[in-house]
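Summary of structural features
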Amino acid sequence: MYDFQYTKVQSIDDAVHHMQQDEEAVLLAGGMTLLPALKQRLAQPTQLLDLSGIENFSSISVDGDAIRIAALTTHAGVAGSPLVQVHIPALAALANSIGDPQVRNRGTLGGSIANADPAADYPAALVALDATVITTKQTIAAEDFFVDLFETVLESDEIITAVSFPKPRRAAYAKFANPASRYAVVGVFVAESDAGCRVAVTGAQGSVFRWQEAEAALSSEFDAKSIESLTLPTDDMNEDLHATADYRAHLVVVMACQAVREITG
Amino acid sequence: MAQVSPHTRFGLGAALTRTEDFRLLTGQGRYTDDNAPDNALHGFVLRSPYAHARFKITDLTAAKDAPGVRAVLCADDLDSMNDLTCSTLMKQPDGSMPAPRDIPILCRDSVHHVGDAIAFVVAESIYQARDASELIELDFEPLAAVADTAQALDDGVAPVFEGATSNLAYTHFEGDKAATDAAFAQAAKVAEIKLVNNRLICNYMEPRACVVQWQPDDDAFTVHLASQGVHGLRDTLAKVTNIAADKIRVITEDVGGGFGTKVFCYREYPLCMAAARLLGRTVRWTSDRSEHFLQDAHGRDNVTTARMAMDKDGKFLAIEVDLIAAMGAYLHAFGPFIPYLGVSMTTGAYDIPTMAVTTRGVFTNTTPVDAYRGAGRPEAAYVIERLVDQCALQHGCSVDEIRRRNFIQPEQFPYTTPAGRTYDVGEFEQHMSLCMERADWSGFSQRLSAAKRTGCLRGIGMSTYIEACAFSGSEPAFMQLQADGSCVLKIGTQSNGQGHETAYAQIAAAELGMDYEDVHVQQGDTATLPTGGGTGGSRSLPLGGASSLRAGRTLANNIRTIAGRELQTDPDNIVLEEGSAKVRGGNEFLSLAEIAALGTPAELNTQGEFQQAEATYPNGTHICEVDIELATGVTRVVSYTIVDDFGVTVNPMLLQGQIHGGVVQGIGQCLMEHVVYNDDAQLLSATLMDYALPRADDIPHFHFETRNVPSITNELGIKGAGEAGTIGSCPAVMNAVSDALLREFGHGQIDMPVTPLSMWQKLNSLRDRADV
Ligand SMILES: Cc1cc2nc3c(=O)[nH]c(=O)nc-3n(C[C@H](O)[C@H](O)[C@H](O)COP(=O)(O)OP(=O)(O)OC[C@H]3O[C@@H](n4cnc5c(N)ncnc54)[C@H](O)[C@@H]3O)c2cc1C
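Quick notes on the rules
Residues numbered from 1 in each chain as written. Chains lettered and ligands numbered in written order. Predicted model: local features only at pLDDT ≥ 70, side-chain atom pairs only at ≥ 80, totals over all residues. Heavy atoms only, no water. Contact = heavy atoms within 4.5 Å. Buried area = accessible area lost by both parts, 1.4 Å probe. Salt bridge = Lys/Arg side-chain N within 4 Å of Asp/Glu carboxyl O. Polar contact = N/O pair within 3.5 Å; in protein donor to acceptor, adjacent residues only side chain to side chain. Helix = DSSP H or I, 4+ residues; strand = E, 2+ residues; numbered from the N terminus. Nonpolar A, V, L, I, M, F, W, Y, C, P; charged D, E, K, R; others polar. Near = heavy atom within 4 Å. Areas by Shrake-Rupley, 256 points an atom, 1.4 Å probe, with all protein chains shown as cover. Expected span 1.5 Å × (residues − 1). pLDDT = per-residue confidence, 0-100. Buried < 20%, exposed > 50% of the residue type's maximum accessible area, 1.4 Å probe, protein only. Phe/Tyr/Trp six-rings, centres within 6.5 Å; stacked < 30°, edge-to-face > 60°.

1. What to know about the interface of chain A and chain B
Across the boundary between the two partners, chain A contributes 22 residues, which contact 25 residues of chain B. Per-residue buried area on chain A facing chain B is highest for Arg41(A), Arg182(A) and Leu241(A); these three make up 30% of the total on that side. Summed over the shared surface of chain A and chain B, the result is 4 salt bridges. Of the charged contacts in the structure, one is a salt bridge between Arg41(A) and Asp131(B), with a shortest N-O distance of 2.7 Å. Along the contact surface separating chain A from chain B lie 10 residue pairs in polar contact (both at pLDDT 80 or more). The element contributing the most residues to the side of chain A that touches chain B is helix H11 (residues 245–264) of chain A, with 6 residues. Among the residues making up the side of chain A that touches chain B, the classes are represented as 12 nonpolar, 6 polar and 4 charged.

2. Some remarks on the site of the ligand
Close to the ligand lie 31 residues, the nearest being Leu27(A), Gly31(A), Leu34(A), Thr108(A) and Asp121(A). Bordering the ligand are residues originating from chains A and B. Here Leu27(A) contributes a backbone N or O atom positioned 2.6 Å from an oxygen atom of the ligand. Contacts to the ligand include Ser112(A), whose backbone N or O atom sits 3.5 Å from an oxygen atom. Its free accessible area being 960 Å², the ligand has 90% of it covered by the protein chains. Listed by contribution, the elements that provide at least two residues to the shell around the ligand are strand E2 (25–28) and helix H7 (109–115) of chain A. If you tally residues by element for the shell around the ligand, the top one is H7(A), at 4 residues. Each residue belonging to the shell around the ligand can be placed in one class, and the counts come to 16 nonpolar, 11 polar and 4 charged.

3. What about helix H6 (residues 268–279) of chain B?
Spanning 12 residues, H6(B) covers 16 Å between terminal C-alpha atoms, matching the ideal 16 Å at 1.5 Å per step. Where H6(B) ends, the next residue or the one after it, Gly280(B), has phi of about 65°, a positive value.

4. Brief notes about the confidence of the model for chain B
Residues and elements named next belong to chain B. Per-residue pLDDT for chain B has a mean of 96; in total, 99% of the residues score no lower than 70. In this model, residues 1–8 is a region of pLDDT below 50 whose contacts with residues beyond four sequence positions or in other chains number 11 contacts. Interface predicted TM-score (ipTM) for the complex: 0.96; the corresponding pTM is 0.97.

5. Some words on unusual backbone geometry
Residue and element names in this part refer to chain B. A cis amide bond links Phe413 with the next residue in sequence, Pro414, at an omega value of -5°. Residue placement: Pro414 occurs in the loop between helix H10 (399–406) and strand E16 (415–416). In this structure, the amide linkage connecting Met752 to the following residue, Pro753, adopts the cis form with an omega of -10°. You can see Pro753 is positioned in the loop between helix H18 (724–745) and helix H19 (756–771). For Asn242, which is not glycine, the phi torsion reads 60° and is therefore positive. The residue Asn242 is located in the loop between helix H5 (230–241) and strand E11 (248–251) in this model. A relative accessible area of 54% means that Asn242 is categorised as exposed.

6. Here we look at the packing of aromatic side chains
The way to describe two aromatic rings as a pair is by their centre distance and the angle between their planes. Applying the stated criterion across every chain yields a total of 20 aromatic pairs over all chains. Seen in terms of ring centroids, Tyr247(A) and Trp760(B) are 4.9 Å apart; in terms of plane orientation they differ by 35°. Their pairing is tilted. With Tyr247(A) in helix H11 and Trp760(B) in helix H19, this residue pair bridges two chains. With a centroid separation of 5.8 Å and an interplanar angle of 55°, the aromatic rings of Phe407(B) and Phe428(B) are classed as tilted. Remark: Phe428(B) occurs in helix H11 (residues 428–438) and Phe407(B) occurs in the loop between H10 and E16; sequence separation between them is 21 residues. Phe428(B) carries the same exposure label as Phe407(B), and that label is buried.

Here it is as C-alpha cells:
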C-alpha cells in the first residue's frame, strides 16, 4: 500500500466536490476490491473518499414496479432484504452467492458494478432484469452502462447512487463458481417479464452480454429443452486457469438450462 | 508391547478436550509476530520478478535515502554468511555425490526463480521498506526458463544454471536391477501406470515470521520464529551466520500450522540477524500470503512411471519405478531426501520380492521443493496404490482380491521389504474387510444407479496404505514438580496446532494421578531446553509420548518415595490420586505441593527418554466414493470411510482432528490444489483467488474408526498419525475417480488435480474415443 490521504465524505455532493478537486482520488465503498488492489500496490490513489458516512446510502425501497437499491447497500443487505426476497428472490439469491460472509457484509452493489469485473455476479442481474443505473449525472439502462472489461460509462467524477430493478414475472440465476475465488466462471441470469425474456451472461466474456439466441428460443417456448442444444461461438470467451474458451461456451448453455429449470421446476 | 497405564481416566485413550484451545480460541495465542516490540524495524525482501535472469544492482542511493530507511543489504554485505545448504545429498549409482546447489541468502548476480531474494530493506515501517525497495535500481537480463518437471531433462531445454549441461540434479537407485529384470522377463502379466503428482503450496494459516533482538553486551541473539523445533533451526542459523550456537537463543511460541514446511531455515532469519546486529535494533519480518507462495518450500511435484510384474495368479513378482522429482531452482534442505523417503516405502503393504527404483532429481526455475505433510510417503502410496488397481484391471480381478492375494500376511512379521524397512506388525486384510463393510462396498451398484439418474457417474475406490513414522531416535522429556503441586513437562518437539500440550500432559498425568490440566507442557526455547529433535515425520507422540510416560513414571516413583519417607510407610503403600499422595487404605495423605517442599531437587526433576530403533508403520484403508457430473465435469467426494491402524490411540479426539485435516488436504490435492507456472516460469496460481483450497462445503461427512494393532517397536505401541490422512487419501480418491470413468468408458486414467475443466476435457476425449 502506498501512502494516501483518507477523507470521510459527508454527502454525495461533498464526494463529487472532492473528486473534481483531485483527479486521482477514488471512492471507497466496501473496499473488497479496492483495498486488495492497494495492498498489492496495483493502484496508487492520492486520496480515498470513504462513502460510509453518507446518510441513507444503503436503503432498499419499492419504486412503482421496481425495487430501488441504494448504491452502498451491501451484498448481505440485498440478500437479507424482505423486499428483495419477495419481489426478486433470484436477486437475493445471487447476492447470497457472492464470495464469502466477510465479502458479503462489506462489499456493495455500487462498488461491484462500478468495478465491472468480468466475473462479477451483479452485472448479469442488472442486464437480464433491464435495470436502470442512477448516477449523479445520468439515468442509464444497465445494458449501456457496462462497456468492457473493468470499464463502464462512469466519468471520473461520477457516482452511482442507486440501481432500480423492475420486478420480473419470474427469474433465476445459475452460477458456475470459480473453485478458488467463487467469482463466476460463468453466471447466467434468466428473467421473464411482460416485455419478454432476457438472458444475460457474466463471467464468459470481457463484459456481461445478452444471449439473444437463447432469448428468442425461450420466448417461443420457455423450457430448458429449447436451448440445451444451442452453442455459442468461442472467439470472444475468456480463458484462464479454470476455464478454456470452449469450456466457458459450454458452461453458458449448462448454466442457462439450470436457471430455466429452476424457474420451470 | 509396553504396559498401558491403568489410569485411563486421564491416560492413553481418553477423549480429553484440548487444554490449549481456551487460549487459542479466545485470542490469547502468542504467535511469532506478536513478540515484536512497537519500535521494531521492519524488513522487506526485494524479490525477483523473473524466473531466470542475470542482474546488477546499479544504484542504491535513492533507496538508502528514502524516508525511514535504516539499511539496505545486498549480497556484498553478507560476506560473513554461508549459503543455505542441502543436508541430504544422495549417493549416485556410480558412487559419486552430486554437486550441491546451495541457496544464497541474497542472490549476487543471477536469480533462478520468481521470488528469489535480491535485497533486504530495513525501515521504520513496512510501508517505508516496501516503498524504498521500489527505488533500488536494477538491470535485469532475462534468460530462458523452464518450469515443467516432465520437460526439464529434454534436449534443448534451457539449463536452470548457466553453463550446466543439463537440469539433472542427481540420480539415485534403490533395489536390485538384475533380480527385477529377471522377474519381469518371466512375468505372465505386466501392469504399467504413468502418474503426475501435482505440485502443492502448503498453506498454513500463520505465514512465517521472525523477530530478532541483538544484545551488544555479549554479541548474542534472541530469535523468535515460527518453526517445528527450535534446536535444529538454531544449529542451522549458527552454521549460516558463523555465530556460535550458544549465542543464539531461538524461541517459538504458538504456531499456526507447519506441515513440514516450517522445519527449515529460510533466508529471512539470517537477514534479520544481520540487520539487528548492524543497526542495534530489533528487526522483524513477516511474510504475506503472496510472498509465501513464492518463497516457502513447495511440496510434491513428481512424474512417475511404475510397472508391476505378476505371475499367472496375479501374485506380484517385482516392481520397477522411474521417478522424476522436481527439486526447484536449488537443492533445499531435505529436497533429495523427500523422494528417497517415498522410495523406501515403494512396495507398500504388499509382499513384493524385489524392486528397482530410479530417481532423477531435476532443477526447474521454480520455488524449491521440500517436505510437505507426509514428505515422500504420500507420493509413494499414490504410486503403489494406483498401480495395484491397475494390476487388478490387468489381471481381471477385483481391487480387493488383488490386494488379498498380495498383502504381507500376519505370520510374515517382522517383514523386511526390498527397500530394507522392517515392518513390525500389521493386519492389512482385516482393516480392508472392515472398511469395505463400513463403506457398504457391496451395496455400491445401487448407489451407482441412483447417481446415474441425476446425471452423474459414480466411482468407488480404496487405498490400503502403509507409511513410516517416528523413525529411529528419541525425544527426551523433562519433568519438574512445582512448588504449587503442578508439573512442568519440557520437551523438544514443537506443537504447530496438533495438541501437544494436551497429549503429553494426559500421558504423564496418568502416571501421577493428577489432572492433565495441571501438567504444563513447555516447548520452543533453546534457553530452557538443551536439545530437541523437533516435530516432523509424526514422531512427537511415538517418541515424545513414550519419554513423557517414563519421565512421569519416574517422578511418580520419586513422589511415592518422598511420601513414604515423610509418612513412614513403604513407598509401595502410597497411591497417587486426585493430585495427592495417599497411604493405601488409610486417611493420611500429602498434597503434591507438600511433596514439592519435601523433595530434593534430584527427586523433583526427572527425565524420561525412550530410544526407538526402527520406524513405526501406521496403515489403514480409506474408501472413497465420487460423483462426476456429466454436464459440467465437476467431481465431488460424496462419501468417505476410514479404518486405520495407529497401534494405540492416545486421544481419540485429537486423532480424529489429525485424520480429518489430513484427508481434507488429500482431497484438496486430488480435486483442487495446483501450482501452475506458465512457459516463462511465472507463477500463475499466485494467490488464493486462483489457488483453490478445499473448504468445508467441498467435503462430505467422514466415517473414521481405528482397528489398532499395537506396534512392538514403540514402547507405548503407538505408530504415529500426523501424516496418515494425507497419505491414504489421494490414492483412494483417485482410484474412485478412475473407477467411475472405467465403468463408463473402459478407460480411466486422469491426473490430479481433477478440476472441473480437466474432467470435462477428459470426458470429451473419452466420448470421442467411444464414438470411433
Ligand atoms: C474473496 C473475494 C471474493 C469475491 N467473490 C465475488 C463473487 O463471487 N462475485 C462477485 O460479484 N464479486 C465478488 N467479489 C467482489 C466483491 O463483490 C466486491 O465487494 C465488489 O466487487 C466491490 O464492491 P466494494 O463495495 O467492496 O467496492 P470497493 O472495493 O470499495 O470499490 C471498488 C471500485 O468501485 C468504485 N466505487 C465504489 N462505490 C462506487 C459508487 N457508488 N460509485 C462509483 N464508483 C464506486 C471504487 O472507487 C473502486 O474503484 C469478491 C471479492 C473478494 C475479496
